[in-house]
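Residue strings, one per chain:
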Amino acid sequence: NDNLEGTLTVTDSTFKNNKANSESGGAIFSRGEVVIEDCYFEENSAYVDAGAVFCQKGAEITRTEFIDNKAWGAKVYKCFGGAVCAKEDLTVEGCSFSNNAAENYGGAIYATKDLIVIGSNFTGNSAKEGGAIYGNGPRVFLDDSNFTQNSAKSSRGGAIYAATVKGKLTIK
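Attention in this report is confined to the structure presented alongside it. Since this is a predicted model, take the numbers as computed values, not measurements.

Overview of the packing of aromatic side chains
- Scanning all chains against the criterion turns up 12 aromatic pairs.
- Judged by centre distance (4.9 Å) and plane angle (5 degrees), the rings of Phe41 and Phe66 are stacked. Pair noted here: Phe41 is in strand β6 (residues 40-42) and Phe66 is in strand β10 (residues 65-67), with a separation of 25 residues, a long-range link. Taken as a pair, Phe41 and Phe66 share a single burial class, namely buried.
- Geometrically, the ring pair formed by Phe80 and Tyr105 is stacked, given 5.3 Å between the ring centres and 25 degrees between the ring planes. One end of the pair, Phe80, is in the loop between β11 (70-71) and β12 (84-86); the other, Tyr105, is in the loop between β15 (101-102) and β16 (109-111), and 25 residues separate them in sequence. There is no split in this pair, since Phe80 and Tyr105 are both buried.
- Among the aromatic residues, those joined into a ring-pair cluster are Phe15, Phe41, Phe66, Phe97, Phe122 and Phe147.

Points about the nonpolar core
- Leu90, Phe97 and Ile109 are the most contacted members of the largest nonpolar core, which has 30 residues in total.
- Mapped by element, the contributors of at least two residues to this core are β5 (33-37), β8 (53-55), β9 (59-62), β12, β13 (90-93), β16, β17 (115-118) and β21 (139-143).
- Once residues within four sequence positions are removed from consideration, Phe97 is found in contact with Phe66, Ala83, Val84, Val92, Ala108, Ile109, Asn121, Phe122, Thr123 and Asn125.
- In terms of nonpolar packing, the next biggest core, distinct from the first, is built from seven residues, Phe54, Phe80, Cys85 and Tyr105 among them.

Let's talk about the environment of Tyr134
- Position of Tyr134 among the secondary structure elements: in strand β20 (residues 133-135).
- A sequence separation of 45 residues divides Tyr134 from Asp89, and the C-alpha atoms of the two residues are 13 Å apart.
- When sequence neighbours within four positions are dropped, the list of residues in contact with Tyr134 reads Tyr105, Gly106, Ile109, Tyr110, Ala111, Glu129, Tyr161 and Ala163.

Reading the values: rules and limits
- Residues numbered from 1 in each chain as written.
- Predicted model: local features only at pLDDT ≥ 70, side-chain atom pairs only at ≥ 80, totals over all residues.
- Heavy atoms only, no water.
- Phe/Tyr/Trp six-rings, centres within 6.5 Å; stacked < 30°, edge-to-face > 60°.
- Helix = DSSP H or I, 4+ residues; strand = E, 2+ residues; numbered from the N terminus.
- Buried < 20%, exposed > 50% of the residue type's maximum accessible area, 1.4 Å probe, protein only.
- Core = buried A, V, L, I, M, F, W, Y, C linked by side-chain atoms within 4.5 Å.
- Contact = heavy atoms within 4.5 Å.

Right, here's the structure in full:
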């Protein structure tokens, strides 16, 4: 989606074994907003960011599974978001992230603006920092979510790394 003002909506869809060999977004790359509902992403990969979904604008992801997605990269790139990388606000609700990996930041999710996660599960995700989530925006809000056996290779944030300096981290 190259329309910066548009919205890409994806529902009831499966994305498996897709690759972005020289850029971001193994399954989906969008310059506009993204809405994803009731989808399944498995074994997608990207050379730079977002093994599954890359969003230049904001995104809302609901009732979706992410399994074994990777942002793997090379030594010259820093790879963000094994499953999802969002450059604007990101809301995730009722989702499951299992065994996703990023070479650098956010094994499951990397977000640069507000991040809201509600009723979601994170299991076995890994990255250098922020095994499950790397929040780099002004606000990270987590509610009713579970984090199990996620790991950070650098020992910073096995489950969550909140990199915000002036922001707010809320966990309920």
